[in-house]
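Coordinates in review
Here are the chains, one letter per residue:
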Amino acid sequence: MPRRRMLTDRQRAALLDMPTEEASMLRHYTLADDDLEIIRARRRPHNRFGFALQLCALRYPGRLLAPGEVIPAAVTRFLAAQLGLRPDDLADYATREETRRDHLATLRNLYGYKMFTGRGARDLKTWLESEAETARSNEDLARRFVEKCRATQTILPGITVIERLCADALVAAERRTDTRIADRLNDELRGQLDALLTESADSSVTRFVWLRQFEVGRNSADINRLLDRLEFLQGIALDQSILSDVPPHRIARLRRQGERYFAGDLRDISGDRRLAIVAVCALEWRSAIADAVVETHDRIVGKTWREAKRACDAQADDAKAALKDTLQGFSNLGSALLEAHEDQAPLIEAVQNAGGWSSLRGLVATAAQLTDTLAADPLAHVVHGYHRFRRYAPRMLRALDIQAAPVAEPLLAATAIVAGTETTADRPVTFLRRTSKWHRHLNNDDGYRLWEVAVLCHLRDAFRSGDIWLAHSRRYGDLKDALVPAEVARATPKLAMPFEPDAWLADRKSRLAAGLQRLARAARAGAIPGGSIEDGALKIDRLTAAVPEEADAMVLDLYSRLPEIRITDLLLEVDDEIGFTEAFTHLRTGVPCKDRVGMLNVLLAEGLNLGLSKMAGATNTHDYFQLSRLSRWHVESEAMARALATVIEGQSALPMARFWGSGVTASSDGQFFPTTRQGEAMNLINAKYGHEPGLKAYTHVSDQFGPFATQTIPATVNEAPYILDGLLMTDAGRKVREQYADTGGFTDHVFAVTALLGFQFIPRIRDLPSKRLYLFDPTSCPKELKGLIGGKIREPVISSNWPDILRSAATMVAGAMPPSQLLRKFAAYPRQHDLAVALREIGRVERTLFIIDWLLDADMQRRAQIGLNKGEAHHALKNALRIGRQGEIRDRTTEGQHFRMAGLNLLAATIIYWNTKYLGKAVAGRRRSELDCSPDLLAHISPLGWAHILLTGEYRWPKR
């Protein structure tokens, strides 16, 4: 028996069961001519069959057949067809145990298979111990071990032996990692780290718990609290080198454990492990808090600009009455002067009759004042944020380890003056562009306050663009360090572009020339589908829907055939079939959660937006503390992603899903969720959604309706950078070939990168007629299209930056940095970043090609509309599911908000799986009734209904 069971029954079966899929059997169980010759040397049919079966089992999965084992019918049929036998011929095999043993000995001698014993076993154990350090999960290590045994032709031992070997190797690797980190700590550091678990930061919590209680803030008080923690951690002289050869996933696991342990529990852990956890947490939190400081500063700068804009608008509103009176006064004076001029009367008398010279002087003075007021911009008011900045900025600049590219060195020098580390009376403005509006205001300013505000505002922009960065930061690190080397970029198979820019430029010039000629011919002939070009202006007609009338009746009939079900029973049924709860492994041991109903309660609490306390009162199985323990030790982002991938893969394999697509197209869209005015989202207000703060769940939906990726993003940011995250960081996303998005989901950078990575990006652009075409040679453009041309592509910029373009795309593929993070940096400050400008130029080429194709291809327009409608239809289902707390997301932290959105997406995916399965059964019922079930009609059915699912009330689970 293993010391602990590492794998579930489903995971064991995936490793050791004989495959039954046709593709797998063709790969593993196709017998060669020499195999058939050896097999036919057996005299009786059942012996030939049994000998061949043992050979196949040794090849894959690589184990012995157990006495009395039931062989899958698909395998016996496949082998019988090759051997010219009947499947029933296997029944008489190995009635004598000696026959099976003799055949095994012969197979070992002929094919070189060996048992797991002796030196070979010791070598495999040594190899397993080295692999354990890089294995990301128990299942990953077990799979590596099985594959290694197959490669060395070692017959697999029993599953309990495999689990015991893997468990021992993982424990040993964990201890080696802990010892490696602890040995690099001197006595002073050990004492400081242990003191974190005993010293009190205040009357209620230990220093360790106080340190991990941080979040992005919104004002100077919040940023000072962050700086308190950062400065304390900087006082512990930990060097990043103590983690130099520790795999990143082990560092992440140690940190996550530290964030879940209570200080008392940590004190009870053995020395090396305790020190390793606390040391990793201290280093990781130091970087995370520094990032939070920069993000908080970013929000404070944004808040200052919003207040300045409101002050500017308020002044303009206040001036409206004076403006009206002034204009009326000038109108009266002008009328009097014109009348006097027409009557040839003295103008002086006209002025006197209109109010006199003193009134005219007043009007002129008021007009001059109003001119200044209406011409003012927010820069005239941004100085009012100086006192807010002064409360934390010098301290922040001294605490952060800021480094800069050469272009930002003048700004770095200015920050040193603000921080007080450089004492000079000069206030240099070399960090400003020559055309900056700041110069005019600074010239009129006789102090230093506006200058300091200018420095801090430009610091925010430089962090966004990557011109300034923090050492050892994930979000604000050096962009050059994040990009993969050029050799790695050239070896990346996903890149859909040549390694030399000339080849790409020649191809795009040819395609642009051909596309422009096609568009010009269509314009002359009036053959643009749903549009026209008249007098150089593009006009687009609205695309009409194309849903058959019979589809609505079919939808009603199919959903009437679905059984009514409680949400609890639905979750249990789906989990019985695909086992998505097995993705939630224990953070410490890696073992899948054994309390399945408890785990489903936690997921339901997240998905319905109830929270654990409300769920504890509504369920009949668990109390709050049980649910809290399960959530703390099993729920994390990676587990949510694995569970979602399991459901999506299962749903795509259902027969009904094939009527909707093949998983190669997808759409993405953001859905707004209101939040409270507490926590990290409190000042993220987007006027498009009203005056309340909120966040967005940005979700990718496949053509089979599966929501295969979701991200929680601020409601105030552009959605476009997040498109590639879902495509490149999920298995389902990597299968996509066409990606649809709405108007808010496109930029030139996204057009560029999607094309470079082989995706066909098809956004539905609301104001398409206003978008311009960009050409390599605008003078060669057909005359019918002259009015649509916006400018010329800058070829030299593309050519000179081509190596870095390759590196950027390869970095996104490698997952070294989320694509959204890289794209946000490119978009932040393109005037100073040649690479960003080059990507913009590539994006203009790709956008021009897309617009030409879109205008000429009505089928593309229809596909995009269908894809986007599928994504938007998800919003209604999710609105129905988030019943708790009036649909408001009240979690304070980013992590809590992410779990809420991920839980909602996972719950929606399970409902879609269940609906897809039972819609398939309903279709079979219609066919038995000889009703119309044509594929054209079934393509318009959606698995997004929920009226037949009981979502509210008490959540009662069957006793099992």
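See the structure above.
Rules of the game
- Residues numbered from 1 in each chain as written.
- Predicted model: local features only at pLDDT ≥ 70, side-chain atom pairs only at ≥ 80, totals over all residues.
- Heavy atoms only, no water.
- Helix = DSSP H or I, 4+ residues; strand = E, 2+ residues; numbered from the N terminus.
- Buried < 20%, exposed > 50% of the residue type's maximum accessible area, 1.4 Å probe, protein only.
- Contact = heavy atoms within 4.5 Å.
- Lys, Arg positive; Asp, Glu negative; His and termini not counted.
- Charge placed at Lys NZ, Arg CZ, Asp CG, Glu CD.
- Axes fitted to C-alpha atoms, helices over the stretch in contact; angles between N-to-C directions.
- Parallel < 35°, antiparallel > 145°, perpendicular 65-115°, else oblique.
- Nonpolar A, V, L, I, M, F, W, Y, C, P; charged D, E, K, R; others polar.
- Phe/Tyr/Trp six-rings, centres within 6.5 Å; stacked < 30°, edge-to-face > 60°.
- Lys NZ or Arg CZ within 6 Å of the ring centre and 35° of its normal.
- 1 Å grid on protein atoms, 1.4 Å probe; cavity = no way out; pocket = protein on both sides within 12 Å on 5 of 7 lines; lining within 4 Å.
- Points joined across faces, edges and corners; volume = space filled by probe spheres on them.
- Salt bridge = Lys/Arg side-chain N within 4 Å of Asp/Glu carboxyl O.
- Patch = residues over 30% accessible without salt bridge, like charges linked within 9 Å, V, L, I, M, F, W, Y side chains within 5 Å.
- Areas by Shrake-Rupley, 256 points an atom, 1.4 Å probe, with all protein chains shown as cover.
- Pairing = 2+ DSSP bridges.
- Disulfide = S-S within 2.5 Å.
- Left-handed = near helix turned anticlockwise from the far one by under 90°.
- Arc of directions from axis to C-beta.

**Thoughts on the overall build of the protein chain**
Counting its secondary structure elements, the protein chain contains 41 helices and 13 strands. Along the three orthogonal principal directions, the C-alpha set of the protein chain runs to about 135 × 80 × 60 Å. Counting all 960 residues of the protein chain, 54% fall into the buried class. When contacts within the protein chain are restricted to residue pairs at least 6 apart in sequence, those whose partners lie at least 24 apart make up 75%. Distance between charge centres in the protein chain, computed from 130 positive and 121 negative side chains, equals 3 Å.

**Topic: the packing of helix 38 (residues 834–856) against helix 39 (residues 858–881)**
To characterise two packed helices, one gives the angle between the axes of the helices and the distance between these axes. Closest axis-to-axis distance for the helix 38/helix 39 pair is 5 Å, and the angle between their directions is 100°. The pairing of helix 38 with helix 39 is recorded here as roughly perpendicular in orientation. In this structure, helix 38 uses Phe850, Asp853, Trp854, Leu855 and Leu856 to contact helix 39, whose residues at the interface are Ala858, Met860, Gln861 and Ala864. Taken together, the residues of the contact of helix 38 with helix 39 sort by class into 7 nonpolar, 1 polar and 1 charged.

**With respect to the packing of aromatic side chains**
In total, this model carries 17 aromatic pairs according to the counting rule given. With 6.0 Å between their ring centres and 90° between their planes, Trp305 and Trp438 make a pair best called edge-to-face. In this pair, Trp305 is assigned in helix 15 (residues 271–342) and Trp438 in helix 21 (residues 438–443), connecting sequence segments 133 residues apart. Overall, the relative accessible area of 7% leaves Trp438 in the buried class. Ring pairing ties together the aromatic residues Phe746, Phe751, Phe761, Phe850 and Trp854, which thus form one cluster. Positioned above the aromatic ring of Trp451, the side-chain terminus of Arg427 is 5.3 Å from the ring centre. Sitting above the plane of the Phe776 ring, Lys509 keeps its charged end 5.5 Å from the centroid.

**Observations concerning the layout of surface pockets**
In this structure, the second largest pocket encloses a volume near 770 Å³. Taken together, 29 residues make up the lining of the second largest pocket; nearest its centre are Ile866, Asn869, Lys870, Ala939 and His940. Within the residue set of the lining of the second largest pocket, elements represented by two or more residues are helix 26 (549–560), strand 6 (665–674), strand 7 (694–702) and helix 39. Here the element with the most residues in the lining of the second largest pocket is helix 39; it accounts for 8 residues. In terms of residue class, the lining of the second largest pocket is made up of 16 nonpolar, 8 polar and 5 charged.

**Here's the deal with unusual backbone geometry**
Across the chain, the bulk of peptide bonds are trans and the bulk of non-glycine residues have phi less than zero. Between Tyr60 and Pro61 the backbone carries a cis peptide bond, its omega angle lying at 10°. Relative to the elements of secondary structure, Pro61 occurs in the loop between helix 4 (45–59) and helix 5 (73–83). In the Ramachandran plot, Gln153 falls in the positive-phi region, its phi being about 55° despite a non-glycine side chain. By the secondary structure assignment, Gln153 is in the loop between helix 8 (138–151) and helix 9 (159–183). Its relative accessible area of 30% is what places Gln153 among the partly exposed residues.

**Examining the pattern of salt bridges**
A complete count under the given rule lists 60 salt bridges for this structure. A salt bridge links Asp140 to Arg144; the nearest nitrogen and oxygen atoms lie 3.1 Å apart. Placement of the pair is Asp140 and Arg144 together in helix 8, with a separation of 4 residues, close to one helical turn. Of the charged contacts, one joins Arg225 and Asp222 as a salt bridge, the two residues approaching to 2.4 Å between their closest N and O atoms.

**Here's the deal with empty space enclosed by the protein**
Scanning the model with the defined rule gives 6 cavities of 30 Å³ or more in all. The calculated volume of the largest cavity comes to roughly 70 Å³. Considering the residues around the largest cavity, the lining is formed by Glu174, Thr177, Asp178, Arg250, Arg253, Leu254, Gln257 and Arg273. Broken down by secondary-structure element, the contributors of at least two residues to the lining of the largest cavity are helix 9 and helix 13 (248–258).

**Some thoughts on helix 13**
Summarising burial for helix 13: 8 of the 11 residues are buried, a large majority. Those residues of helix 13 that sit buried are His249, Arg250, Ile251, Leu254, Arg255, Arg256, Gln257 and Gly258.

**Let's talk about a negative patch on the surface**
A surface patch of negative charge is lined by Glu549, Glu550, Asp552 and Asp932. One can find Asp552 in helix 26.

**Some details on the sheet that holds strand 8 (residues 709–714)**
In space, the 5 strands of this open sheet follow the order 8-7-6-9-10, with mixed pairing throughout. In this open sheet, the two edge strands, each paired with only one partner strand, are strand 8 and strand 10 (760–763). Strand after strand, the sheet turns through a mean of 25° between neighbouring axes, direction not considered. For strand 7 and strand 8, the ladder comprises 6 bridges, and the chain directions are antiparallel. Across the sheet, residue Thr699 finds its bridge partner in strand 8, namely Thr710.

**Structural notes on the state of the cysteines**
What the rule picks out here adds up to 0 disulfides. With no disulfide of its own, Cys149 has Cys166 as its nearest cysteine by sulfur position, at a separation of 9.3 Å.

**Quick notes on the packing of helix 39 against helix 40 (residues 894–928)**
Two elements in contact, helix 39 and helix 40, have axes whose closest approach is 10 Å; the angle formed by their N-to-C orientations is 110°. Classified by the angle their axes make, helix 39 and helix 40 are roughly perpendicular. At the point where helix 39 passes helix 40, the crossing takes the right-handed sense. For the pair helix 39 and helix 40, contact is made by His874, Leu877, Lys878 and Leu881 and by Leu904, Asn905, Leu907, Ala908, Ile911 and Ile912, respectively.

**Details of helix 1 (residues 9–16)**
Within the span of helix 1, buried status applies to Gln11, Arg12, Leu15 and Leu16. Mapping the buried residues of helix 1 onto a view down its axis gives an arc of 115°, with all of them on the same face. Set apart from the buried face of helix 1 by more than 90 degrees, the exposed residues are Asp9 and Ala14.

**Description of the side chain of Ser220**
If you trace the backbone, Ser220 turns up in helix 12 (residues 220–234). Excluding its chain neighbours within four sequence positions, the residues that come into contact with Ser220 are Ile300, Arg388, Arg391 and Tyr392.

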